[in-house]
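Observations on chain architecture
This is what each chain is made of:
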Amino acid sequence: MTEMTGAEMVIEALADQGVEHIFGYPGGAVLPIYDALFQSQDRVRHILVRHEQGAVHAAEGYARSTGKVGCVLVTSGPGATNAVTGLTDALCDSIPLVVITGQVPTHLIGNDAFQECDTVGITRPCTKYNYLVKTIDDLPRALHEAFHIAASGRPGPVVVDIPKDIQFAKGTYARPKEFQHKGYRPRLEGDPDRIKQAVEMMAAAKRPLFYTGGGVINSGRAASEHLRELVKLTGFPITSTLMGLGAYPAADPQWLGMLGMHGTWEANWAMHDCDLMVCIGARFDDRITGRLDAFSPGSRKIHVDIDPSSINKNVKVDLPIVGDCDHVLADMLRAWRALAPAPNPSPQAGEGRAEALKAWWAQIDKWRAKKSLAYRVSNDIIKPQYAIERLFALTKDRDTYITTEVGQHQMWAAQFYRFQEPNRWMTSGGLGTMGYGLPASVGVQLAHPGSLVIDIAGEASVMMTMQEISTAVQYDLPVKIFIINNKYMGMVRQWQELLHGGRYSHSYSEALPDFVKLAEAYHAHGIRCEHPRDLDGKIREMIEVKRPVIFDCVVDPAENCFPMIPSGRAHNEMLLGDAAASVEDAVTEAGKMLV
Amino acid sequence: MSTTTTTHYPASTRTEQVETRTLCVLVDNEPGVLARVIGLFSGRGYNIDSLTVSETEHEKHLSRITIVTRGTPMVLEQIKNQLDRLVPVHRVVDITMAGPSIQRELAMVKVRGKDEHRMEALRLADAFRARVIDATTESFVFEITGASEKIESFINLMLPVGLVEVSRTGIVAIARGPEAMLSRA
């Protein structure tokens, strides 16, 4: 028990939680906390961003690449409102964050004071939970509970709003022992009877498929290990959502590639035609299911999720299992081994299953033969797919982390950058936030100083949070901003081409900056590449420069992202790149309503 | 390729029957908890037909919220799961599905009039076992408790005899039998 100010308690609590870095931006209502940071000789290292949205995305990148809680410190009013996009992004993608916001003194709350906003009111729907701390006695508990809530169960962002007088007030702080929240108890273990039933269904399936998602990544490294083992033992094919890439290695022959709107032909057809779908830590999002009444019509479905509200939300499943992916996968492995479908245990068990699944794999190989990611290579102009393929080829043997912005480049990155490990892929999946990737890369690089951190960006997205390159320069974070520059908001342009008669309404950036000069203005390194023959050399240059780099990769402005399930269509109605001619009439009137 | 018009979004809700349910929700009585519950309903497009709330366990600072809502079975399951996911929510019980239950509402009904209308209002109130809780020479306030339908009938009957104002609590509910709905240990 120590007497200290509220501001000092914030630093103590952060240190007690093992926080090493906090992203933030000072302002009037958090000055006492900034003073405490200064006086505590950076027990917690503060990273000064250029905009509060950047702070939250950086914390997201930090959290996703480490599995730890990301931390943010911003001031009241505009500081808090600027953080809202990042909070919503973190809620959609289940990223654990603790965001501390300053607030006007308690006696001024509700008075329309300078830089006052109703932070808890504004952030209530975009956080997992939030606090307005009104007495100093509540502060230690609120801070520690915030970390517990952010990191446990289905992770998410938590806001702690601290009025300035509470930061000055004195109180007693005690390092908390293990505490239990009075009501909040996420369920981690799956029901053993249902797990047993699940493996029985799996053993009997003729056309089974694993469909996995971000829940496996969030559940920790061990969940990915268990998943890999289970997939090997069962011999089943596996696909994943955008959020789940890396949980299973893309180089493995059982991997079908990503599924969904821009997923591979084989993944989506396997989803449509399977007789058993084993969904683990994914949520049947509309980008995944396509037309719901035609979604995988012949399959029985098992759904493992830590959040009961994700179950039966969009798609009715036959066997729901509420629990943490790690626990449930470990139990499934045990149950599968106990079932021992083959006379010999592993690895022969896997081979035995492969025999039973021969017809299914033969069908999958036929779908694979479509080569749905094929594109026309050019000798004169850089195709965006080619740029990412080369980037992958030249960085895959390094310790590499990838972030992205949102749009065509994001989908190409998901298709062509073949992730082998979890926590290496940071992208805004649920909310689709343009401007996510650059600040996220700053957070990733801070957490992994010796690693190669690349933001695969679009020139439109990256302009939304470009200012954070200044943060990267300040802290010597050698992030690589690899801009797939097609001068368009590419995904908007693609939809306008498909849905709106090629009327490219405001999707062309007529006044782009010179990205090389822009890099130099920020004291970063600029590289431009306009020809395929120069690409490899310039990517190598980018890797070798030990400073932040903005790489302006000028690509074919007319390239579209395929394969594609048009809005309002089912998995078996997807379009391929070489079917471009038939694209015009592929979208139904109802589909046009849907983005 | 087929040209059927359809959407990405659940179409099945149109074919499923909409049902009415009463949910009892035990929550921490803390600032903002009601805003969380109401925000959940408005944000996700659920219906609230009636909502009552009061602290019921003072030592534990627990409040009980009774919500009457409508939706398809799939939406109702969502509502329960989404409520249960809120951090300050301890328990959600679907009192309609959990077994036999009692649902009651209280209303205060103000009637203004003279002579024969006054006499008729009193006669009707007596028939409905409504109590007079305020009276002047030209008005009564009746208190009536019962199922919503009974209150509805009473109010309709009061119309022609000078109804001027109604205040209703909304529904509170409890399960029949000895079992209690408790907070989690």
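Residues numbered from 1 in each chain as written. Chains lettered and ligands numbered in written order. Predicted model: local features only at pLDDT ≥ 70, side-chain atom pairs only at ≥ 80, totals over all residues. Heavy atoms only, no water.

1. Digging into the overall build of chain B
For chain B, the helix and strand inventory stands at four helices and nine strands. Secondary structure elements of chain B, listed N to C terminal, follow the sequence β-α-β-β-α-β-β-α-β-β-α-β-β. Expected size for 185 residues packed as a compact globule is a radius of gyration near 16 Å; at 21 Å, chain B overshoots this value by more than 25%. Across the 185 residues in chain B, those meeting the buried criterion constitute 40%. (Helix = DSSP H or I, 4+ residues; strand = E, 2+ residues; numbered from the N terminus. Rg over C-alpha atoms; globule rule 2.2 N^0.38 Å. Buried < 20%, exposed > 50% of the residue type's maximum accessible area, 1.4 Å probe, protein only.)

2. Here's the deal with the overall build of chain A
Across its full length, chain A carries 25 helices and 20 strands. Over its C-alpha trace chain A gives a radius of gyration of 25 Å, about what one expects of a compact globule, namely 25 Å for 595 residues. If you line up chain A on its principal axes, its C-alpha atoms span 70 × 60 × 45 Å. Considering only contacts within chain A whose residues lie at least 6 apart along the sequence, 76% involve residues at least 24 apart. Of the roughly 22100 Å² that chain A leaves accessible, carbon and sulfur atoms contribute 51%. Charge separation in chain A, taken as the distance between the mean sites of 59 positive and 69 negative side-chain charges, equals 4 Å. (Contact = heavy atoms within 4.5 Å. Areas by Shrake-Rupley, 256 points an atom, 1.4 Å probe, with all protein chains shown as cover. Lys, Arg positive; Asp, Glu negative; His and termini not counted. Charge placed at Lys NZ, Arg CZ, Asp CG, Glu CD.)

3. A short note on the packing of helix 17 (residues 384-395) of chain A against helix 18 (residues 408-416) of chain A
Axis angle and axis distance: for two packed helices, these are the angle between their axes and the distance between the axes, and together they describe the pair. All names here are of chain A. Axis separation between helix 17 and helix 18 bottoms out at 9 Å; the angle between their running directions is 45°. Judged by the inter-axis angle, helix 17 sits oblique to helix 18. Considering only the axes of helix 17 and helix 18, their crossing is right-handed. Along the contact surface, helix 17 presents Pro 384, Gln 385, Ile 388, Glu 389 and Phe 392, while helix 18 presents His 409, Trp 412, Ala 413 and Phe 416. Residue composition of the contact of helix 17 with helix 18, grouped by class: six nonpolar, two polar and one charged. (Axes fitted to C-alpha atoms, helices over the stretch in contact; angles between N-to-C directions. Parallel < 35°, antiparallel > 145°, perpendicular 65-115°, else oblique. Left-handed = near helix turned anticlockwise from the far one by under 90°. Nonpolar A, V, L, I, M, F, W, Y, C, P; charged D, E, K, R; others polar.)

4. Remarks on the side chain of A:Ser152
Residues and elements named next belong to chain A. Among the secondary structure elements, Ser 152 is positioned in the loop between helix 7 (139-151) and strand 7 (157-163). The class of Ser 152 is buried, set by a relative accessible area of 15%. Among the polar contacts made by the side chain of Ser 152, one reaches the side chain of Tyr 184 at a distance of 2.9 Å. Contact partners of Ser 152, with chain neighbours within four places excluded, come to Lys 128, Tyr 184 and Pro 186. (Polar contact = N/O pair within 3.5 Å; in protein donor to acceptor, adjacent residues only side chain to side chain.)

5. Description of the domain arrangement of chain B
All names here are of chain B. Partitioning chain B into structural domains gives domain 1 (2-6 + 14-94) and domain 2 (102-172). Placing a centre on the C-alpha atoms of domain 1 and another on those of domain 2 gives a separation of 30 Å. Taken together, the six residues of domain 1 in the interface contact five residues of domain 2. Interface area for domain 1 against domain 2, summed over the two sides, is near 370 Å², with a carbon-plus-sulfur share of 55%. Counting the contacts that link domain 1 with domain 2 gives zero salt bridges. There are three residue pairs in polar contact (both at pLDDT 80 or more) connecting domain 1 and domain 2. The biggest single contributor to the side of domain 1 that touches domain 2 is strand 2 (residues 50-57), with three residues. The residue inventory of the side of domain 1 that touches domain 2, partitioned by class, reads two nonpolar, four polar and no charged. (Domains from an automatic or database assignment. Buried area = accessible area lost by both parts, 1.4 Å probe. Salt bridge = Lys/Arg side-chain N within 4 Å of Asp/Glu carboxyl O.)

6. Here we look at the packing of aromatic side chains
Residues and elements named next belong to chain A. Overall, the coordinates contain 20 aromatic pairs over all chains when judged by the stated rule. With centroids separated by 5.5 Å and ring planes inclined at 35°, the aromatic side chains of Phe 210 and Phe 236 adopt a geometry described as tilted. Highlighted residues: Phe 210 in strand 9 (residues 208-212) and Phe 236 in the loop between helix 11 (221-234) and strand 10 (238-240), separated in sequence by 26 residues. Residue classification places Phe 210 among the buried positions, given a relative accessible area of 0%. (Phe/Tyr/Trp six-rings, centres within 6.5 Å; stacked < 30°, edge-to-face > 60°.)

7. Concerning the sheet that holds strand 20 (residues 549-554) of chain A
Residues and elements named next belong to chain A. Strand order in the open sheet made by the six strands is 16-15-17-18-20-19, with parallel pairing throughout. Strands at the two margins of the open sheet, each flanked by one partner only, are strand 16 (425-426) and strand 19 (525-529). Judged from the five bridges that link them, strand 17 (residues 452-458) and strand 18 (residues 480-485) form a sheet pairing that is parallel. In the strand pairing of strand 18, Ile 456 is matched with Phe 482. Across the sheet, helix 18 touches strand 15 (400-404), strand 16, strand 17 and strand 18, and the angle it forms with strand 17 is around 135°. (Pairing = 2+ DSSP bridges.)

8. As for unusual backbone geometry
Residues and elements named next belong to chain A. In this structure, Pro 563 follows Phe 562 across a cis peptide bond, with omega equal to -5°. Along the chain, Pro 563 turns up in the loop between strand 20 and helix 25 (589-592). You will see that Ser 296, though not glycine, has its phi angle at about 35°, which is positive. Relative to the helices and strands, Ser 296 is located in the loop between helix 13 (286-289) and strand 13 (300-305). For Ser 296, a relative accessible area of 0% translates into the label buried. Positive phi, normally seen in glycine, also occurs at Asp 476, with a value near 55°. Take Asp 476: it is sitting in the loop between helix 21 (469-474) and strand 18.

9. Describing the sheet that holds strand 4 (residues 70-74) of chain A
Residue and element names in this part refer to chain A. Here we have six strands laid out as an open sheet, ordered 3-2-4-5-7-6, and parallel in their pairing. Of all strands in the sheet, those bounded by a partner on one side alone are strand 3 (45-48) and strand 6 (129-132). For this sheet, the mean angle separating the axes of adjacent strands, direction not counted, is 20°. Across five bridges, the pairing between strand 4 and strand 5 (residues 97-103) is parallel. Pairing of Val 74 across the sheet is with Thr 101, part of strand 5. Across the sheet, helix 3 (residues 52-66) lies against strand 2 (21-24), strand 4 and strand 5, angled at about 165° from strand 4, the strand it touches most.

10. A few points about the pattern of salt bridges
All names here are of chain A. The full count for this structure, using the stated rule, is 40 salt bridges over all chains. For Asp 252, the salt bridge identified is with Lys 232, shortest N-O distance 2.9 Å. Here Asp 252 is found in the loop between strand 10 and strand 11 (255-258), whereas its partner Lys 232 is found in helix 11, with 20 residues between them in sequence. The shortest N-O distance in the salt bridge between Asp 556 and Lys 383 comes to 2.8 Å.

11. Considerations on the packing of helix 1 (residues 33-43) of chain B against helix 2 (residues 73-85) of chain B
Residue and element names in this part refer to chain B. Interaxial distance between helix 1 and helix 2 falls to 11 Å at its minimum, and their mutual angle equals 145°. Pair helix 1 / helix 2 crosses with right-handed handedness. Of the residues in helix 2, those touching helix 1 at Val 37, Leu 40 and Phe 41 are Ile 79, Gln 82 and Leu 83. Considered class by class, the residues forming the contact of helix 1 with helix 2 number five nonpolar, one polar and no charged.

12. Points about the pairing of strand 20 of chain A
Residue and element names in this part refer to chain A. Where burial is concerned, most of strand 20 is hidden: six out of the six residues are buried. Neither face of strand 20 is left uncovered, since the one carrying Val 549, Phe 551 and Cys 553 and the one carrying Ile 550, Asp 552 and Val 554 both have all their residues buried. Pairing geometry for strand 18 and strand 20, over six bridges, is parallel. Residue pairing across strands places Ile 483 opposite Asp 552, the latter belonging to strand 20. In terms of strand pairing, strand 19 meets strand 20 through five bridges, oriented parallel. In the strand pairing of strand 20, Arg 528 is matched with Asp 552.

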